[in-house]
Amino acid sequence: MTTEERVVEELNRAQLSEKDAKLTSLRQVQELILNREPTLLPKFVEEVLSYQHDRSADVRKFVAIFIEDVGKKNSELVFKLVPALSYMLQDESPAVVKRVVQTSTLVYKVALKLLSIQGGASAVLFDLWKGLSEIKKRIMDLISSSNDGIRTMVVKFMEMIIIVFSRKSELSDLPKNPELGLSLDMITPDHEVLPVPDLRAECGMTLQSLLSFAATPLISSINLMTCIGCLSNIARQRPAFMSTVLQAFKSRCENFPASFTKSHINSVCKSMKMQLQFLSRHPSSGEFSGLIADMFSDLGSILPEMEKGKMGSLKRPRLDGSAPNGKKAKEARHYFAARFEEDDDDAGDLLPCRTADELAEKLNPQVTAELVFKSMLNLPDECPQSFLHTFGPVSDAGTKTQVQYVAQLLLSQLVDAGLATYPEKAKKVKAVGLGTEPVTTTQVEEKEATSFKPKLRKVKQFVLSEVTLRGLDKSGLDELSRTAMKRLLKEDDNRPVGSDRTKLIVGLGTRFCSPFKEILRNFILEDLKSRYDVAMAWLFEEYALLEGYFAKIPTAEGAEGYDEIMVSLLLAMKEQLDPKDRLFTRLLLEAPRIPTGALDVIRSYCNDEDRVLLGVATLRDLILRRPAVQHQFLSILLDLTTDKREQIRIQAIHVAKKLHSKESLTMEIEAFASSQLARLVKECPAEGGTDSTSWNEESIRVALSLFVGLLALNPQLIFELTQTYVGVSAPVKRVILRVLDHAIRAMGMHSPHVLQLIENCPNGAETLLIRILHILVEKAAPSAEIIRRVRDLYKKRIQDVRFLVPIVTSLEKREIVATLPEFIRQSQGLVKETLSRLLGTHQGSGAGVPKSPINPKELMISLHNIDTTDESAMKAVMKAVTLLFQERTIYNQEVLSVVLQQLMDQSPLPTLFMRTVIQARQACPRLIPFIMNILSKLISKQIWKQPKVWQGFVKCCQMTKPQSFQIMFQLPPKQLESVFEISPDLKEQVKAHVGSFTPHQRGLIPRAILQVIEKQAPKRKRGKQTKRANVAKEELEVDTEGGKPEDEDEDALLTMDDKKPDIDADTADLALAPVEPSSENPDAIEPMET
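Just so it is clear, the model here is predicted, and its values are computed rather than measured.

It is worth spelling out the overall build of the chain at this point. Looking only at helices and strands, the chain features 54 helices and two strands. When burial is assessed residue by residue, the chain has 49% of its 1090 residues classed as buried. If you take every contact in the chain between residues at least 6 apart in sequence, the share linking residues at least 24 apart comes to 71%. Counting every atom, the chain has about 54500 Å² of accessible surface; 52% of that belongs to carbon and sulfur.

Written out as structure tokens, the structure reads:
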């Protein structure tokens, strides 16, 4: 077996297997086409990619891994990989999405490298770039995901984007995989597909997003450590960003999120220390050595501080007197020292201090304010961008801990400037300067002989109203309040909103309902996505007030206020956000309470065809994750399953089928489906998703959709469907028969419920059971149990031959011959299917279907041997024989000659024998010599003794002239005269034919025959003969224009075959039916009209 054959075999096995076996087969395919014979990869890659739609999350995850391996192996296939990745980013499983994002990080670089190498501006390259942009957009949107693992992969993807879309320098570190070490330098400035300026701008925006994410107070410890590692890699590979990264580190190590525990802070500090060590060894970090040293000192103090629960020494002394932050920092410290030496008593009191505690005691408000005012003179004209990116509010401002921290920083600067000394004894420490060896401090005095105590001043208590409220009336106060609120919201709006600031603004919006609530709402709605945290904080504040967790506020609006805010946020999301943005779902899941008005918004989402996917997915999540109100949301979902719009109905049914597996929801879903099914018994649809006043096909399908969808999940429902089928009208029955295919195939022929239904078929449900049998055996052989139960049903209970049609090839030959008269009396569709199954030409005939026990020759002969004394039986046989003649590939010249020979050997001849001879002549014109031989033999058998067969003989002679003239010369004179009576025109043609003979040829014809040919018939006698011929014709004619059986339409649904036109009335005529002359027999003339 070749490798390609093994791949095909494994793919076929995977298609038919369950999850574990399927994964095993797919891994075998991966090994064969990736490692053993890579030339097969382009041929079979799409076959493996098709499993991205598999129901198993493990299989879809394997597809993501396969895409990554293919990207490494063959970069030319990225044109097929990118669309698959873009689709899989919308997967419902977090594990799959996480793996897809990880794969996208590599495939993105592979595709980008291919684009940078390719020249020109072809449509294929533009499509590839468009696909990459779509992937980037979807991944960047996942930064707001609730899953830590997904956010971690997104951060690494952002790191890749920043590195790839920026230029490298001489000091840049080499990546781990040099082959994929891309940078903006590799893309030509005039590239027709990749716009270099736009890529550079994307790099800046992505870096800004990464810094903002790292600075958010809601970040988890895992994500923060990932951000630290990614930012460190960015700084080492792109030294231009070194300053920005270090400033971000500095800001983060000073302000850890309030939600972090002691273990979280320990882990983050350890990670940051390790990355700072890597950065300190980088050649471009020299100018930032002081900043790195400060961070080392800060991190070294944070860990013991958290363990001891008090502030410790935050900075170790610099013994070499060097400034940690460079020249500017040193100048600043000398400025502070000079400021301390001024005449100000309070400031001058700082200099003798040798401990942080002493210095903290002297930092009263007056001294601190003076220091701040003097420092502001040295600020730059414009605020540095790095400060905007990294600065955050101090959460513990004004507390004793924060004062102690500031005092320690001031003391370290005074010591570095040589204006103060530490009181500690000499000890061996490691210098904080980077790249230096440990040094030993000199012995310093343990304590100064004298110490100065701070001078205390009496401070007058500050009363705000004495300053602000003088001369202001109520309107002025309201305007001042609004202005203050707006200023608070606008303040430094570019940075993330801190937790304290959030508490402040939502507290104002809650407790001072008007006009702060409107201002806060407008602020949130300006940028819903970035201010979502503020919105949630506001909702929880309103909910706490509503539930009585806070003291009652006279201005509070109660439940109306909360409901109004919630509904306004949902409506704003519908107007502003993308139809697929799951922020809508997140708000509903995280909100403490869902008001009634929100249900109307959810319904509007579900009724919008652009948002139906998100709306139905939201309903699913609400049902699963809000058990207290799940039945309320389930009711909305079930109502959507009867919507007249197909797209909405299909999505709702899909979700309902998934929820059916939950035991707590199963009964409610089935009860709703049963109630919709029961409506079909009524004369008109009184309710539901249709505007029709009477049942039509669309309204019937709407009522059936959910119930039929649940059949495959709970086969027990087939009995309820059967009972309902008995009582519904004929149009409803027809629709039921049309929509069962998928559900019955899912149940399978081995289902015990199907077997039980066959054994106990209710009266009136016969056609339903027949349709079920047809579906089950359509593409597979019936099982032995099915065959046994259908036989018992036919023999013991219901004598309906239609039950035997699906299993007809499993019957014995004698059973087929015995039931053949009943088979051919059915509707034309069922007759056609029965014969095609027996001939092996049925659409479902193939591997596994048993071979017919009766061959085509025996089938044709058996049809002719059926008793045709009854007119309806003759008509049925003629239709069946005509259907057989339509199978030209089976009933060819050889088969027909054998059939005609065997039929001619019978005595008496079958009534329809000559009709079959005529049809055989029309189907195979080359049989004319054989037919002449048959006609000659029929004369010896005195065919005129069978009047109906004799009529066919005359007709055949008329259609095969002039070859049949020699046969007519063999007839006795009386029978020849009968031929001329039946067909007067034939006499003139024979007479003309004989007239062309030579005297010798005429002498070979018996004299009695010549006399019959030349004899002139009297006119009155001719009329009598014509009347006799017409009487004979009437005896032989069969009515072919009778009405259809009443159940023909229903029977057609049992097989679902396209119906062919009914047998032509002329062809159905036994003896006088005209048969068109063949083009292969140009001597034949038009038949005589009778």
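Next comes the rest of the description.
So, about the packing of helix H40 (residues 828–839) against helix H42 (residues 871–885). The N-to-C vectors of H40 and H42 enclose an angle of 50°; their axes lie 10 Å apart at closest approach. As far as their axial angle goes, H42 and H40 are oblique. The way H40 lies across H42 gives a crossing that is right-handed. Along the contact surface, H40 presents Gln 828, Val 831, Lys 832, Leu 835 and Leu 839, while H42 presents Ala 880, Leu 883 and Leu 884.

With that out of the way, let us pick up the layout of surface pockets. The rolling of a water-molecule-sized probe over the atoms marks out the regions of remaining empty space. By volume, the second largest pocket amounts to about 980 Å³. What lines the second largest pocket is a set of 32 residues, among which Lys 109, Glu 159, Lys 176, Asn 233 and Gln 237 lie closest to the centre. At the level of secondary structure, the elements contributing two or more residues to the lining of the second largest pocket comprise helix H6 (94–117), helix H8 (148–164), helix H10 (221–237) and helix H12 (262–280). Per-element accounting of the lining of the second largest pocket gives the leading share, seven residues, to H10. Partitioned by chemical class, the residues of the lining of the second largest pocket number 12 nonpolar, 11 polar and nine charged.

With that settled, the discussion passes to the side chain of Gln 975. Turning to its location among the elements, Gln 975 is positioned in helix H48 (residues 973–982). Non-local contacts of Gln 975, meaning those with residues more than four positions away in its chain, are made with Trp 944 and Trp 950.

Enumeration over the complete set of coordinates arrives at seven aromatic pairs. Through successive ring pairs, a cluster of aromatic residues spans Tyr 108, Phe 157 and Phe 165. Arg 531 extends its terminal NZ or CZ atom over the ring of Phe 523, reaching a point 4.0 Å from the ring centre. Across the ring face of Tyr 725, the terminal group of Lys 733 is positioned such that the distance to the ring centre comes to 5.2 Å.

Position of Ala 240 among the secondary structure elements: in the loop between H10 and helix H11 (242–254). The exposure class of Ala 240 is exposed, given its relative accessible area of 71%. When the C-alpha positions of Ala 240 and Ser 169 are compared, they lie 8.2 Å apart, and in sequence the two are 71 residues distant.

Rules of the game
- Residues numbered from 1 in each chain as written.
- Predicted model: local features only at pLDDT ≥ 70, side-chain atom pairs only at ≥ 80, totals over all residues.
- Heavy atoms only, no water.
- Helix = DSSP H or I, 4+ residues; strand = E, 2+ residues; numbered from the N terminus.
- Buried < 20%, exposed > 50% of the residue type's maximum accessible area, 1.4 Å probe, protein only.
- Contact = heavy atoms within 4.5 Å.
- Areas by Shrake-Rupley, 256 points an atom, 1.4 Å probe, with all protein chains shown as cover.
- Axes fitted to C-alpha atoms, helices over the stretch in contact; angles between N-to-C directions.
- Parallel < 35°, antiparallel > 145°, perpendicular 65-115°, else oblique.
- Left-handed = near helix turned anticlockwise from the far one by under 90°.
- 1 Å grid on protein atoms, 1.4 Å probe; cavity = no way out; pocket = protein on both sides within 12 Å on 5 of 7 lines; lining within 4 Å.
- Points joined across faces, edges and corners; volume = space filled by probe spheres on them.
- Nonpolar A, V, L, I, M, F, W, Y, C, P; charged D, E, K, R; others polar.
- Phe/Tyr/Trp six-rings, centres within 6.5 Å; stacked < 30°, edge-to-face > 60°.
- Lys NZ or Arg CZ within 6 Å of the ring centre and 35° of its normal.

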